[in-house]
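Overview (structure and organization)
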Amino acid sequence: MEAASLLVLIFGGIILFFIFLYFVPVNLWITALFSGVKVGLFDLVFMRIRKVPPRIVVDSLITATKAGLQISSNDLETHYLAGGNVPNVIRALISADKANINLSFKQATAIDLAGRDVFQAVQISVNPKVITTPKVAGVASDGIQLIAIARVTVRASIAQLVGGAGEDTILARVGEGIVSSIGSAKSHKEVLESPDKISKLVLSRGLDAGTAFEILSIDIADVDVGANIGAKLQIDQASADLKVAEARAEERRAMAVALDQEMKAKAQEARAKVIEAEAEIPKAIASAFEKGNLGIMDYYRMQNVQSDTEMRQAISGSGKGNPGAPKKD
């Protein structure tokens with residue numbers, strides 16, 4: 001029993017020892033002490049309780065102190081609890097200090113919490129970055145399309161990193177400026193002869209206003225000749241005009257055909273009325289016979305006249321006579 005109790009005490013002591021080392025990082029406190037960083041042992045314990053990794057805070061303090069920066073552990077702890085990247089901020093402050101860039105701890109933490117890489121921003125401020133635009137197509141006044149690619153050299157503006165627009169805005173503004181400058185050229189040959197006119201015109205517009213960058217230069221890397229947009233538009237316009245003319249001609253033809261059919265219908269209607277009137281002639285002759293107004297000799301003379309008329313018309317080729325007249329027996 002005594003041996004078992006001794007083993008339990010030893011095992012419990014080991015566990016308590018490791019728990020003590022976890023909450024009281026003595027080795028980290030000794031490292032900070034010999035590095036010239038004033039951090040209390042109880043401060044490290046309270047960091048553990050507040051769920052702040054003491055290693056990150058102490059290492060960042062040591063790095064900042066060796067670089068000559070005056071930063072307190074409370075500032076680093078506050079920035080960590082706010083969700084910031086403490087080591088990245090320290091690297092950015094050291095880089096800015098060595099490059100004589102005015103960057104305070106408050107600015108650095110604000111940039112970091114805004115979601116930007118503050119260390120990369122300082123690097124871009126020291127070493128400008130080149131952004132290549134996608135192919136930008138513009139049409140000159142003579143209707144020829146030009147496709148240009150530009151390289152924009154930018155430098156990060158520390159004062160505008162918080163709230164300033166990013167690279168996408170720079171690319172959009174440069175592309176808009178290229179299209180505008182190509183469109184203002186009288187001929188595409190002018191652009192091909194002096195592509196630097198595009199970069200000078202675009203650069204003079206102050207496209208970096210409200211952005212997180214400062215545009216240093218805009219260089220036209222390549223200019224290619226595209227399609228003849230003017231000629232294509234004229235062809236499309238001519239094709240559209242032709243279709244309109246054809247539609248109007250078809251409309252007039254349809255109206256003429258309808259009018260012709262209408263006239264034929266009217267002619268048939270008039271012809272039907274004539275036939276109907278001619279059908280009344282035999283009735284009238286019969287009635288005249290009954291009333292004694294027409295004799296047999298008068299009837300034969302009328303037929304002779306009709307026959308003579310038909311013969312004359314047949315000889316002259318002017319017609320076949322009156323088809324509605326009564327025929328001889």
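Being a predicted model, the structure only gives us computed values, none of them experimental. (Residues numbered from 1 in each chain as written. Predicted model: local features only at pLDDT ≥ 70, side-chain atom pairs only at ≥ 80, totals over all residues. Heavy atoms only, no water.)

**Some points on helix H14 (residues 296-316)**
The cut-off we apply is this: The helix count covers DSSP runs of H or I at least four residues long, the strand count covers runs of E at least two residues long, and both are numbered beginning at the N terminus. One less than the residue count of a helix, multiplied by 1.5 Å, gives the span that helix is expected to have.
Counted at 1.5 Å a residue, the expected span for H14 with its 21 residues is 30 Å, and the 30 Å between its end C-alpha atoms agrees. In the segment just after H14, Gly317 is the residue with positive phi, at about 75°.

**Some details on the nonpolar core**
Heads up, the condition is: In these notes, a set of buried Ala, Val, Leu, Ile, Met, Phe, Trp, Tyr and Cys residues joined through side-chain atoms within 4.5 Å is what counts as a nonpolar core. In this scheme, a residue with accessible area under 20% of its type's maximum is buried, one over 50% is exposed, and one in between is partly exposed, where area comes from a 1.4 Å probe on protein chains only. Contact between two residues is taken to exist if any of their heavy atoms lie within 4.5 Å; hydrogens are not considered.
Grouped together as the largest cluster of nonpolar side chains are 56 residues, with contacts concentrated most on Leu103 and Ile178. Counting residues per element, this core draws most heavily on helix H6 (residues 86-98), at 7 residues. Residues contacting Leu103, with those up to four places away along its chain left out, are Ala92, Leu93, Ala96, Ala108, Ile111, Val118, Val122 and Ile158.

**With respect to the pattern of salt bridges**
Basically, it comes down to this: Salt bridges are defined by distance alone: a side-chain nitrogen of Lys or Arg within 4 Å of a carboxyl oxygen of Asp or Glu.
This structure, assessed with the given rule, holds 8 salt bridges. Between Arg253 and Glu250 there is a salt bridge, and its shortest N-O distance comes to 2.8 Å. With Arg253 and Glu250 both in helix H12 (residues 229-278) and 3 residues apart, this pair spans about one turn of that helix.

**Focus on the pairing of strand S3 (residues 144-156)**
Rules: A pair of strands is treated as paired once DSSP finds two or more bridges between them.
The element S3 is extensively covered by neighbouring structure, given that 10 of its 13 residues are classed as buried. Of the strand pairs in this sheet, strand S1 (residues 129-132) and S3 are connected by 4 bridges, and their pairing is antiparallel. Its bridge partner lying in S3, Val130 is registered against Thr153. Bridge count for strand S2 (residues 136-139) against S3 is 4 bridges, and the pairing is antiparallel. Residue pairing for S3: Val139 is matched across the bridge by Gln145. Taking the residues between adjacent antiparallel strands as the criterion, S2 and S3 are bridged by 4 residues, where Gly143 takes a positive phi near 90°. The pairing of S3 with strand S4 (residues 213-228) spans 12 bridges and is classified as antiparallel. Note on S4: the bridge partner recorded for Val154 is Ile215.

**Let's talk about the packing of aromatic side chains**
Where we set the bar: Pairs were defined over the aromatic rings of Phe, Tyr and Trp, the Trp ring being its six-membered one, requiring ring centres within 6.5 Å. Orientation was assigned from the angle between planes: stacked under 30 degrees, edge-to-face over 60, tilted for the rest. Comment: the charge-over-ring label is applied if NZ (Lys) or CZ (Arg) is within 6 Å of the ring centre and within 35 degrees of the ring normal.
Applying the stated criterion across every chain yields a total of 0 aromatic pairs. Arg91 extends its terminal NZ or CZ atom over the ring of Phe119, reaching a point 5.5 Å from the ring centre.

**Some remarks on the confidence of the model for the protein**
Our working rule: Every residue is assigned a pLDDT by the predictor, reflecting its confidence on a scale from 0 to 100.
Summarising the model, the protein shows a mean pLDDT of 81, and 88% of its residues fall at 70 or more. Averaged pLDDT values over the elements of the protein bottom out at 62 in helix H1 (residues 2-23) and peak at 90 in H6. Confidence drops under a pLDDT of 50 for residues 320-329, and excluding neighbours within four residues, the segment shows 17 contacts in the predicted structure.

**A closer look at the environment of Trp29**
Within the element layout of this structure, Trp29 appears in helix H2 (residues 26-34). For the pair formed by Trp29 and Asp43, sequence separation is 14 residues and the distance between their alpha carbons is 9.7 Å. Residues in contact with Trp29, not counting those within four places in the same chain, are Val39, Gly40, Leu41 and Leu44.

**What about the packing of helix H9 (residues 167-184) against helix H11 (residues 196-203)?**
To be explicit about the condition: Geometry is summarised by axes, namely lines fitted to C-alpha atoms with helices restricted to the contacting stretch, and by angles between N-to-C directions that run from 0 to 180 degrees. Roughly parallel refers to an angle under 35 degrees, roughly antiparallel to one over 145, roughly perpendicular to one between 65 and 115, and oblique to any angle outside these ranges. What makes a crossing left-handed is the near helix being turned counterclockwise from the far one by less than a right angle; a clockwise turn instead makes it right-handed. For this classification, the nonpolar set comprises Ala, Val, Leu, Ile, Met, Phe, Trp, Tyr, Cys and Pro, the charged set comprises Asp, Glu, Lys and Arg, and every other residue, Gly included, is treated as polar.
Between H9 and H11, the shortest axis-to-axis distance is 9 Å and the interhelical angle comes to 125°. Judged by the angle between their axes, H9 and H11 are oblique. For the pair H9 and H11, the crossing hand works out as right-handed. Contact with H9, carried on its side by Val174, Gly177, Ile178, Ser181, Ile182 and Ser184, involves Ile198, Leu201 and Val202 of H11 and no other residues of that element. Partitioned by chemical class, the residues of the contact of H9 with H11 number 6 nonpolar, 3 polar and no charged.

**Let's talk about unusual backbone geometry**
Here the phi dihedral of Asn100 falls at roughly 60°; this positive angle occurs in a residue that is not glycine. With respect to the helices and strands, the residue Asn100 is situated in the loop between H6 and helix H7 (105-113). The exposure class of Asn100 is exposed, given its relative accessible area of 73%.

**A short note on a nonpolar patch on the surface**
For clarity, the threshold we go by: Residues qualify for a patch when their relative accessible area is over 30% and they have no salt bridge, like charges being joined within 9 Å and the nonpolar side chains of Val, Leu, Ile, Met, Phe, Trp and Tyr within 5 Å. Method for areas: the Shrake-Rupley scheme with a 1.4 Å probe, in which residue coverage is limited to the protein chains shown.
On the surface, Phe289, Ile296, Met297 and Tyr300 cluster together into a nonpolar patch covering about 400 Å² of accessible area. Ranked by residue count, the leading element in the nonpolar patch is H14, at 3 residues. Relative to the helices and strands, Tyr300 is located in helix H14.

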